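An overview of the molecular structure
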There are 2 protein chains.
Amino acid sequence: MPERLIVVGGVAAGMSAAAKARRTNKQLDIIVYEQSGFVSYGSCGFPYFIKGEIPQINDVIVRTPAQFAAQGITAHVKHQVLAIDSAAQTVVVRNLDTGHEFTDQWDRMILTTGGASARPALAGLQLPGIFTLRTVEDAVAIRQWIDEHRPERGVIVGGGYIGLELAEALAAHHMHITLLEATGQVLPTLDAEMAAHIQAELTAQGVDVRLDCAVEAFAGSERVREVLAGDQHIAADIVIVSVGVKPSVGLARAAGIALGPTGAVAVDDHQRTNITGIWAAGDVAEAQHLVMGRPAYVPLGSTANKQGKVAGANAAGGDERFGGIVGTSVVKVFDLHAAGTGLSELRARAEGYNAASVVATANSRAHYMPGHQPIHVKLVFEQDTHKLLGGQIVGREGVSKRIDTLAAALHAGWTTEQLAELDLSYAPPFAPVWDPILVAANLASR
Amino acid sequence: MPERLIVVGGVAAGMSAAAKARRTNKQLDIIVYEQSGFVSYGSCGFPYFIKGEIPQINDVIVRTPAQFAAQGITAHVKHQVLAIDSAAQTVVVRNLDTGHEFTDQWDRMILTTGGASARPALAGLQLPGIFTLRTVEDAVAIRQWIDEHRPERGVIVGGGYIGLELAEALAAHHMHITLLEATGQVLPTLDAEMAAHIQAELTAQGVDVRLDCAVEAFAGSERVREVLAGDQHIAADIVIVSVGVKPSVGLARAAGIALGPTGAVAVDDHQRTNITGIWAAGDVAEAQHLVMGRPAYVPLGSTANKQGKVAGANAAGGDERFGGIVGTSVVKVFDLHAAGTGLSELRARAEGYNAASVVATANSRAHYMPGHQPIHVKLVFEQDTHKLLGGQIVGREGVSKRIDTLAAALHAGWTTEQLAELDLSYAPPFAPVWDPILVAANLASR
């Protein structure tokens, strides 16, 4: 009888793991249990579905259970795993359509239960018209609310990546948008002076940005009508609460799978948990942060896919290693692009580094080329050694893949002097003769 | 009396050197002799001036002699250095306006005489209407010819970077363009299957691309009328010959400055020539190629500026080092962007490497995002070690700065497995969850 691999959770990490396990080992039985109605979807596309840029929710679904079946992977949707017994190597599963519960046996398991939207304990959070965004069902519900109620006033609670993308998405439906952020800036992975560019863009696009504004309650009778924050009463026809993601570790904890210092599942570089035969990957798990040299919790689709592939290979008898993260991310906020990698200056100081920084502003293309845009590059580095600790780039073009050069520099452990030596591409339509990264690196190296 | 630094040649490397020397050393007398009528210009912008995208030739000029004077740098245009005496530490200079010749004395010298367009020994090359493109004067003459003669048929001889950019530039003037290339493909820094995408784009844009077509002569009486290649007679109202750049080493050779194996001036990592007190930089000089571990001749503005800065610092008493090149370049060909870094597969084999390669085609953005475009990534690597030797990317967006990640990987000396570990930026408008570079790196690592 073939060995049986059960994958708990079938989104990015889970289906990446299942697919890689199948490619690695043709004999293995591979079963995926996913509690939502969909597998293998690109949740990062949801804001663009809500915006209307992606016409159908099905467009963000990479593969269906039927397509996985053709690969020899059995994916059950609407099946919730209720418990894992790691000694008996079984799971208890409920079919959410029928209510039927059953026990399944596994020889190897990959835990990819992902994360869940943080839901702050605020009065009125259950009111219709208030949403979080995490699943296909959430995205469809938000879009349906917009289509049915034609809201005129949208409130976004939280100025992180998803909140910023949703501001753009809701604004496309001709709403007046208010964005409420409890701290003093949006996008906390960037330093304040870089985030200021984003705040300026939001304001220029008509978004009412309120910083240092902590929501206390939601009001309304049949549906949400107001968001309350101190003495502010903000009228709202739709509210999206986007205040972070928490790893869904309930099953893991109950099964005795160890969590790490971040509260997510602890894994080694082979995605192994503390329990032999159980791997974990994606938003439920930590990842080794190469700059800090310790685990961090940075739930992103790119990392989930990579970790899933490694977990799948290893659970199927292979030997792959996840190389860790440097915390690279990018977001489009209306016409502005903002990216970061490594540590912000604030974070670096909080981590105990003697951090210095420079900000260089240069052109995205040669200065004489029409369409060139200012591009702001911040480098954070150790004062004494000039070792790069992080970078941030904000601009209207040429941001997202320029940050990758800084990510590579962090992987390599380079100093700003080494960064300044890079032979980067140059042609007038794409860069000035001194690429903005080199301008910043030269400035840092003086 | 202050020491005197003479810079011979005042374009990219020369003025970068002069400016850096001034910042490094306030005492030094700094004199620049430039034989053309302009200093400090971005010659890479010429195709876009000819195209009409840049309205005025002055737009590509970074700084004028007057602006340099304000920094304490004396820049003489239309002054040709006729001879260098490295024992007596003098130069003989001719004022091209007056014909006056004089001798000047130097304590330190930076040689930045640049390169010149290769001019093949072909009958009729001197006919009016046939141009090469290297100087401001060339660019203005081409543009003037177009404005005065309204040519209907343009012929580009040579399918390198400049030839490709000029095909686009001339086509903007509603000419029928024929591009003649003596070898079997355009853009010899790329491998044939990648160059094929460019050839397809040229053809789709109406350019008549003729490969394996060696020009033998030009015909016409008062001006060029035909280009002759074998039995082909190609009608032409304007011809641009763009068959490469040769380092302008005449002065150097006569002065006893050693040339390297490439025929350009040999320099060490401080841009020193074999003669104490003389540095060289830019298109007249070689550069250490980090992949091959030996000098190469890759004349590009980005390298010229970097080398100039190093030469300027060192000639002024500083201690800077040029880190070498990996041969990164990018070109826009109508709507297609093509980039390369390191060695092509053909070149790698010719250099004796046991080279293997993969080509991956992926999307420039998430597959569900409108506007996504196919992007082709080729990786060339050592068969046994998987050490990366080079990369090529072709597509309609996201090419130019993606190549920089591969350039960084070459600087770091990574394998394809290490490349596959990179934490690259991901958001649906900018990349798929597996960046095309990672797709290629995974494929190479199997």
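Cut-off values and rules
Residues numbered from 1 in each chain as written. Chains lettered and ligands numbered in written order. Predicted model: local features only at pLDDT ≥ 70, side-chain atom pairs only at ≥ 80, totals over all residues. Axes fitted to C-alpha atoms, helices over the stretch in contact; angles between N-to-C directions. Helix = DSSP H or I, 4+ residues; strand = E, 2+ residues; numbered from the N terminus. Left-handed = near helix turned anticlockwise from the far one by under 90°. Contact = placed C-beta atoms within 7 Å. Nonpolar A, V, L, I, M, F, W, Y, C, P; charged D, E, K, R; others polar. Pairing = 2+ DSSP bridges. Domains from an automatic or database assignment. Core = buried A, V, L, I, M, F, W, Y, C linked by C-beta atoms within 7 Å. Buried ≥ 20, exposed ≤ 12 C-beta atoms within 10 Å, placed from the backbone.

Residue and element names in this part refer to chain A. Where helix α1 (residues 12-24) meets helix α8 (residues 301-315), the closest approach of the two axes is 7 Å, and the angle between their N-to-C directions is 35°. Seen from above, α1 lies across α8 with right-handed handedness. Mapping the contact onto sequence places Ala-12, Ala-13, Gly-14, Ser-16, Ala-17, Ala-18, Ala-19, Lys-20, Ala-21 and Thr-24 in α1 and Gly-301, Ala-304, Asn-305, Gln-307, Gly-308, Lys-309, Ala-311, Gly-312, Ala-313 and Ala-315 in α8. Residue composition of the contact of α1 with α8, grouped by class: 10 nonpolar, eight polar and two charged.

To continue, consider the interface of chain B and chain A. At the interface, 50 residues of chain B touch 50 residues of chain A. Examining the composition of the side of chain B that touches chain A, we find that nine residues originate from one element, helix α10 (residues 402-412) of chain B, more than from any other. Classifying every residue of the side of chain B that touches chain A gives 29 nonpolar, 13 polar and eight charged.

For the rest of this paragraph, the subject is the sheet that holds strand β3 (residues 74-76) of chain A. Residue and element names in this part refer to chain A. Ordered in space as β3-β2-β1-β7-β18, the five strands form an open sheet in which the pairing is parallel. Edge positions in the sheet fall to β3 and β18 (278-280), since each has one partner strand and no second. Across this sheet, the average inter-strand angle for adjacent strands is 15°, counted without regard to direction. Bridging between strand β1 (residues 4-8) and strand β2 (residues 29-33) involves five bridges; their strand directions are parallel. Directly across from Leu-5, in β2, lies its bridge partner Ile-30. Running at roughly 175° to β2, α1 makes contact with β1, β2 and β7 (108-111) of the sheet.

Residues and elements named next belong to chain A. Take Ile-234: it is sitting in strand β15 (residues 232-235). Separated by 80 residues in the primary sequence, Ile-234 and Gly-154 have C-alpha atoms spaced 9.6 Å apart. The contact partners of Ile-234, leaving out residues within four places of it in the chain, are Val-155, Thr-178, Glu-226, Val-227 and Ala-229.

As a further point, take the domain arrangement of chain A. Residue and element names in this part refer to chain A. Domain assignment breaks chain A into domain 1 (4-49 + 61-116 + 246-315), domain 2 (119-241) and domain 3 (335-445). Each side of the interface is counted separately: domain 1 has nine residues, and domain 2 has 11 residues. When residues of the side of domain 1 that touches domain 2 are assigned to their parent elements, the largest contribution, three residues, is made by helix α2 (residues 46-51). Partitioning the side of domain 1 that touches domain 2 into residue classes produces six nonpolar, three polar and no charged.

Membership of the largest hydrophobic core comes to 312 residues, with the highest contact counts inside it found for Val-239 of chain A together with Val-239 of chain B. Sequence-distant contacts of Val-239 of chain B, that is, excluding residues within four places in its chain, are made with Gly-129, Ile-130, Val-155, Val-157, Phe-218, Val-224 and Val-227 of chain B.

All names here are of chain B. Overall, antiparallel pairing links the three strands, which are arranged β13-β14-β15 in an open sheet. Two strands bound the open sheet, and with one partner strand each, they are β13 (217-219) and β15 (232-235). Strand-to-strand twist in this sheet, taken as the mean axis angle between neighbours without regard to direction, amounts to 25°. As paired elements, strand β14 (residues 226-229) and β15 share four bridges and run antiparallel to each other. For Ala-229, the partnering residue across the bridge sits in β15 and is Gln-232.

All names here are of chain B. Here strand β7 (residues 108-111) shows no split at all, with Arg-108 and Ile-110 on one side and Met-109 and Leu-111 on the other all buried. Where strand β1 (residues 4-8) meets β7, four bridges bridge the pair, whose relative direction is parallel. Opposite Leu-5, over in β7, you have Arg-108 as the bridge partner. Sheet topology places β7 next to strand β18 (residues 278-280); three bridges connect them, and they run parallel. Within the sheet, the bridge partner assigned to Met-109 lies in β18 and is Ile-278.

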